[in-house]
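# Residue-level structure breakdown
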Amino acid sequence: MTQLFTRAGTARTANCTGGYSYTSKCTRCGGAGGRPEWNHSGYVCFLCGGSGVGKVKVDKLYTAEQNAKLDATAAKRAEASTAKTNAINAEFVAKLQGLDGDFWVGFRESFLARAKAPTERQIALVDAEVAKRAKAPSQHFGYIGDKVTLTLTCERELRLESQFGTSWMSICRDAAGNVVIYKGNADFLRQGDTGEVKATIKEHAVYNGVAQTMIMRPKVTQAA
Ligand SMILES: [Zn+2]
């Protein structure tokens, strides 16, 4: 007769229709029936009543060939899953490598150091940044002190609290996709608004690798 094995590889002879039937040890006391640590509440195991005997279990049995086939299938599945993870990682890392700026360099380094698959949140964060930058790489324009007329869209307004009170930082883009920042309390475009703005160029800055032109004394001359 062909030798049969459990899935784990132990040789067994079938003793019931389902495979190899046996009485397991009690899962609580491990077959001892009791434990000295339980002395204060009574030595005897309450789960098996001191018999040490657990449930009757049946292990399915396989031929060596069946086990080998199942092993091969499991290995193939594991390999496919690893390949998929690696592909996701490679794509993610390639995107990260395209993002300059301190924040993204740090993000990339700590991601690679952990050697783990990216979370959905991380993927969404990087995709959003890649999409944002693909729109138009921001460039500085004008000279400090220049008076300019710009068509701006206010993409985000941030409330800044300090000991001097509340002020606002408005993150905008001009028609060419350049980032323009206004910080202060002047009557300005609200988030989501587009309008024509007269202002003076205050400073050229770089934040997270993105060129930002800071403006001051803005006047909204025409709201779109
Ligand atoms: Zn027990």
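Residues numbered from 1 in each chain as written. Predicted model: local features only at pLDDT ≥ 70, side-chain atom pairs only at ≥ 80, totals over all residues.

## Observations regarding helix H1 (residues 64–97)
With 34 residues, H1 should reach 50 Å at 1.5 Å per residue; the first-to-last C-alpha distance of 48 Å fits that figure. The buried count for H1 comes to one of 34 residues, which makes it a mostly uncovered element. (Helix = DSSP H or I, 4+ residues; strand = E, 2+ residues; numbered from the N terminus. Expected span 1.5 Å × (residues − 1). Buried ≥ 20, exposed ≤ 12 C-beta atoms within 10 Å, placed from the backbone.)

## Notes on the sheet that holds strand E6 (residues 147–162)
Ordered in space as E6-E7-E8-E10-E9, the five strands form a closed barrel in which the pairing is mixed. The sheet shows a mean angle of 40° between the axes of neighbouring strands, taken without regard to direction. Relative to strand E9 (residues 194–207), E6 is paired through seven bridges, and the arrangement is antiparallel. The residue bridging Leu-152 from the neighbouring strand is Gly-195, located in E9. (Pairing = 2+ DSSP bridges. Axes fitted to C-alpha atoms, helices over the stretch in contact; angles between N-to-C directions.)

## Considerations on unusual backbone geometry
Phi at Asn-208 is positive, roughly 50°, even though this residue is not glycine. Of note in the backbone geometry, Arg-217 takes a positive phi value of approximately 45° without being a glycine. Relative to the helices and strands, Arg-217 is located in strand E10 (residues 210–223). With 12 C-beta atoms packed within 10 Å, Arg-217 lands in the exposed category.

## Quick notes on the sheet that holds strand E1 (residues 4–5)
Here we have three strands laid out as an open sheet, ordered E2-E1-E5, and antiparallel in their pairing. Edge positions in the sheet fall to strand E2 (11–12) and strand E5 (62–63), since each has one partner strand and no second. Sheet topology note: the E1/E2 ladder contains two bridges and is antiparallel. Of the residues in E2, the one forming a bridge with Phe-5 is Ala-11.

The values reported here are purely geometric and, on their own, carry no functional implication.
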